[in-house]
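Tertiary structure, described
Residue-level listing of the chains:
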Amino acid sequence: MNFKPHTTDSGIEIKRIYPTIDVVKEEPGKYPYTRGVQEEMYRTKLWTMRQYAGFSTAEESNKRYKYLLQNGTTGLSVAFDLPTQMGYDSSHALAEGEVGKSGVAIDTLKDIEILFEGIELDKITTSMTINSTASILLAMYIALAKKQGADLNKISGTIQNDLLKEYAARGTYIYPPRNSMRIITDIFEYCNKELPKWNTISISGYHIREAGANAVQELAFTLANGKAYVKAAIEKGLDINQFGSRLSFFFNAHNNLFEEVAKFRAARRMWAKITKDLGATDARAQMLRFHTQTGGSTLTAQQPQNNIVRVTLQALSAVLGGTQSLHTNGYDEAISLPTEEAARIALRSQQIIAYESGVTDTVDPLSGSYFVETLTNEVEAAAWVYIHKIDAMGGAIAAIEKGYMQQEIAHSAYQYQNDIQKNEKIIVGLNKFQAQEKPIENVFSVDDAIAKLQIEKLNKIKLNRNNKAVENLLAKIEATAKTQNNLMPVIIEAVEAYASLGEIADALRKVFGEYKS
């Protein structure tokens with residue numbers, strides 16, 4: 001009988017058994033960090049259990065954050081709606097039908113004040129999934145922290161701020177790549193001086209994977225983008241040993257448990273080598289610290305309770321791979337925004353892994369497995385092939401401008417879907433083990449009336465603020481954008497005067513223009 005060769009999702013052949021190999025005797029917390037970035041890992045401190053949430057208005061999202069905090073989440077993660085991500089106010093014509101749908105709507109500092117009402121920013125870490133308008137949302141967060149009387153030296157959290165993956169995979173970009181890199185490095189420079197505990201970027205493979213990349217492509221393209229950010233910061237005159245410790249990464253966790261573990265282990269080792277080659281001598285600047293989210297694209301609308309098992313296995317791979325932070329998806333997210341019940345079960349999945357499974361009792365528990373160690377080497381080797389190709393093109397920006405990453409992702413996505421349709425890849429409940437199901441009732445969705453409420457709030461702000469001061473500050477943003485001066489101080493001034501997100505984004509559009517793929 002002929003059997004199809006067993007492979008990982010990236011096409012790496014899996015042998016029947018693995019012969020003994022000489023395992024490199026690395027220590028956890030030591031270069032090149034294959035076994036983890038801390039010596040004790042979860043024996044002394046668990047990963048941050050961070051649940052991604054945000055929908056409708058700031059008032060509604062604030063209620064969900066408080067619910068999650070009451071149920072044991074240890075970090076907030078804010079989802080913003082598409083108009084906010086694209087630099088449009090809720091009143092803009094292009095925002096119609098999208099206000100509050102995929103995340104919370106933010107127009108002015110007032111919305112941020114409501115979003116975090118009753119939550120002390122110096123006592124919680126906050127992650128914000130925002131890219132093109134990251135400088136504006138960070139400015140609002142800083143302005144609120146100042147209003148709360150918080151010490152900015154103690155404020156900690158992360159903004160995604162990763163535009164390169166937007167051009168390659170996701171699409172919520174505004175400005176051309178090289179102008180976006182200027183804004184990103186301005187954030188690096190500002191936070192290095194004013195917010196020393198803030199992670200200035202979350203270099204994201206998550207969305208690359210969601211767009212259809214396989215595990216090796218996710219790893220390679222993410223690290224190639226990371227190299228581009230580091231080089232841009234160095235060219236700006238920043239010291240890698242200072243800003244390097246505030247770089248973080250964001251990876252996806254898919255269903256192939258062992259390949260995912262190998263990917264996370266290889267990622268640390270590769271980044272340590274990349275940063276060392278770029279001049280990093282400080283250990284913290286060589287460490288790859290990462291947040292993980294379970295795979296949204298793996299969830300099925302068919303038999304949605306099956307997603308609880310998928311999410312648990314994916315979360316386990318992230319923990320076995322040494323993540324610093326984790327979000328677990330709600331089982332109903334292939335159908336709607338997660339309900340409170342689904343969000344609670346997702347959080348409980350993390351807590352059961354942490355407190356009941358025993359996998360946190362030792363560091364890097366799969367170390368020494370002939371299979372996992374070999375697979376780690378093979379994933380790394382395959383990723384280096386991609387990175388060398390990208391380097392030969394002139395780096396990540398050039399590769400994106402040539403469409404190389406986009407083409408590779410599209411090919412992988414096509415192949416994966418083709419395998420499912422041919423039943424060469426089994427998705428339980430989708431193309432095998434189907435069942436008759438009743439239509440889903442009580443789907444959680446956001447009412448279109450939310451837009452009207454949001455626009456009324458925005459109009460009220462504009463009526464009562466000092467519009468002359470706002471006008472002057474918007475002109476100052478335009479003038480600063482034409483120089484090499486850092487944009488962050490004037491953007492903070494503008495949000496403190498209640499300039500809207502759309503107005504600030506438009507001021508930058510006038511100087512930088514918009515990117516057309």
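Our subject is the structure listed above.
This structure is a prediction, so every number in the text was calculated from the model and none was measured.

Burial of strand 1 (residues 48-53) is extensive: five of the six residues sit out of reach of the surface. With two bridges joining them, strand 1 and strand 9 (residues 325-327) adopt parallel strand pairing. Note that in strand 9 the partner of Met 49 across the bridge is Leu 326. In this fold, the crossover linking strand 1 to strand 2 (residues 75-79) by way of helix 1 (residues 58-70) has right-handed handedness.

Nonpolar side chains in soluble globular proteins tend to be buried together. Judged by nonpolar contacts, the single largest core of 77 residues is most densely connected at Leu 164, Phe 188, Leu 219, Phe 221, Leu 223 and Met 405. Broken down by element, the residue count for this core peaks at eleven residues, all from helix 8 (residues 215-235). Residue contacts for Met 405: discarding those within four places in its chain leaves Ala 168, Phe 221, Ala 224, Asn 225, Ile 390, Ala 396, Ala 399 and Ile 400. Residues Ala 53, Ala 139, Tyr 141 and Ala 343 belong to the second largest nonpolar core, which totals 66 residues.

Cis geometry is adopted by the peptide bond preceding Pro 32, which originates at Tyr 31 and carries an omega value of 0°. Relative to the elements of secondary structure, Pro 32 occurs in the segment before strand 1. Of note, the phi angle at Gln 303 is positive, near 45°, even though the residue is not glycine. You will see that Phe 433, though not glycine, has its phi angle at about 60°, which is positive.

Each strand in a sheet pairs with its neighbour through backbone hydrogen bonds, running either in the same direction (parallel) or in the opposite one (antiparallel). Ordered in space as 5-4-3-2-1-9-8-7-6, the nine strands form an open sheet in which the pairing is parallel. Taken across any chain shown, the strands that pair with only one partner, and hence form the sheet edges, are strand 5 (198-199) and strand 6 (201-204). This element, helix 1, spans strand 1 and strand 2 of the sheet and lies at about 150° to strand 2. Packing of helix 4 (residues 134-147) onto the sheet brings it into contact with strand 3 (126-129), strand 4 (157-159) and strand 5, and relative to strand 3 it is tilted by some 150°.

Within the structure shown, the criterion is met by 37 salt bridges. For the salt bridge of Glu 113 with Lys 147, the shortest nitrogen-to-oxygen distance reads 2.9 Å. Placement of Glu 113 in helix 3 (residues 109-115) and of Lys 147 in helix 4 is noted, with a sequence separation of 34 residues between them. For Glu 113, a relative accessible area of 16% puts it in the buried group.

It is worth spelling out the packing of helix 8 against helix 16 (residues 404-421) at this point. Interaxial distance between helix 8 and helix 16 falls to 11 Å at its minimum, and their mutual angle equals 165°. The orientation of helix 8 with respect to helix 16, classified from their angle, is roughly antiparallel. In the crossing of helix 8 with helix 16, the sense of the turn from one axis to the other is left-handed. Between helix 8, through Gln 217, Phe 221, Ala 224 and Asn 225, and helix 16, the contact on the second element is made entirely by Tyr 404, Met 405, Glu 408, Ile 409 and Ser 412.

By secondary structure assignment, the location of Lys 146 is in helix 4. When the C-alpha positions of Lys 146 and Leu 121 are compared, they lie 9.8 Å apart, and in sequence the two are 25 residues distant. Lys 146 has contacts with Leu 152, Ile 492 and Glu 496, leaving out every residue within four places of it along the chain.

With that out of the way, let us pick up helix 18 (residues 467-481). Since the α-helix packs 3.6 residues into each turn, any two residues three or four apart lie on the same face. Taking 1.5 Å per residue as the helical rise, helix 18 with its 15 residues ought to reach 21 Å, and the 21 Å between its terminal C-alpha atoms agrees with that figure. When helix 18 is considered as a whole, its buried residues turn out to be Val 470, Leu 473, Leu 474, Ile 477, Thr 480 and Ala 481. When helix 18 is viewed along its axis, its buried side chains cluster within an angular range of 125° and face the same direction.

This next bit is on the pairing of strand 2. Across the five residues of strand 2, five count as buried, placing the element largely inside the fold. Of the two faces of strand 2, the one holding Gly 75, Ser 77 and Ala 79 and the one holding Leu 76 and Val 78 are both buried throughout. Here four bridges tie strand 1 to strand 2, and the two strands are oriented parallel to one another. Within strand 2, the residue paired with Tyr 52 across the bridge is Ser 77. Bridge count for strand 2 against strand 3 is four bridges, and the pairing is parallel. When the sheet's bridge partners are listed, Leu 76 is paired in strand 3 with Thr 126.

Over its twelve residues, helix 20 (residues 501-512) extends 16 Å from the first C-alpha to the last, a length consistent with the 16 Å expected when each residue adds 1.5 Å. Along helix 20, nine of the twelve residues are buried, which leaves the element largely enclosed by surrounding structure. Among all positions of helix 20, only Leu 501, Gly 502, Glu 503, Ile 504, Ala 505, Ala 507, Leu 508, Arg 509 and Phe 512 are buried. Check the buried side of helix 20 and you find it contacts helix 2 (82-86), helix 4, helix 6 (177-194), helix 17 (449-464), helix 18 and helix 19 (488-496). Looking one or two residues past helix 20, Gly 513 carries a phi angle of roughly 75°, positive in sign.

What follows concerns the packing of helix 10 (residues 257-277) against helix 12 (residues 306-320). Two elements in contact, helix 10 and helix 12, have axes separated by 8 Å at closest approach and are oriented at 30°. Here helix 10 and helix 12 pass one another in a crossing that is right-handed. The residues of helix 12 that touch helix 10, namely those facing Leu 257, Glu 260, Val 261 and Phe 264, are Leu 313, Leu 316, Ser 317, Ala 318 and Leu 320. Here the contact of helix 10 with helix 12 is built from residues that sort into seven nonpolar, one polar and one charged.

Conventions adopted
Numbering of residues starts from 1 in every chain and runs along the sequence as written. Per-residue local features of the predicted model are confined to residues with pLDDT of at least 70, and side-chain atom pairs are confined, for both listing and counting, to 80 or more; whole-chain, interface and lining totals are unaffected and use all residues. Only heavy atoms go into the side-chain values, all of them from the structure, while hydrogens and water stay out. Each residue is assigned to one of three classes by its accessible area relative to the maximum for its type, calculated with a 1.4 Å probe on protein chains only: buried under 20%, partly exposed between the two thresholds, exposed over 50%. Put simply, DSSP H or I for four residues or longer makes a helix, DSSP E for two residues or longer makes a strand, and each gets a number counted from the N terminus. Pairing between two strands requires that DSSP report at least two bridges joining them. With strands facing away from the observer, any crossover in which the path from the first strand over the helix to the second runs clockwise is taken as right-handed. What makes a nonpolar core is a set of buried Ala, Val, Leu, Ile, Met, Phe, Trp, Tyr and Cys residues whose side-chain atoms join them at distances within 4.5 Å. Contact criterion: two residues are considered in contact whenever any of their non-hydrogen atoms come within 4.5 Å of each other. Helix axes use the C-alpha atoms of the stretch in contact, all axes being lines fitted to C-alpha atoms, and the angles between their N-to-C directions lie in the range 0 to 180 degrees. What counts as a salt bridge is simple: a side-chain nitrogen of Lys or Arg found within 4 Å of a carboxyl oxygen of Asp or Glu. To sort the angles, those under 35 degrees are grouped as roughly parallel, those over 145 as roughly antiparallel, those from 65 to 115 as roughly perpendicular, and the leftovers as oblique. Here a crossing is called left-handed whenever its near helix is offset anticlockwise from the far helix by less than a right angle, and right-handed whenever the offset is clockwise. Here, expected helix span is obtained from the residue count minus one, scaled by 1.5 Å. As used here, the arc is the angular range of directions from the helix axis to the C-beta atoms. Put simply, Ala, Val, Leu, Ile, Met, Phe, Trp, Tyr, Cys and Pro go in the nonpolar bin, Asp, Glu, Lys and Arg in the charged bin, and everything else, Gly too, in the polar bin.

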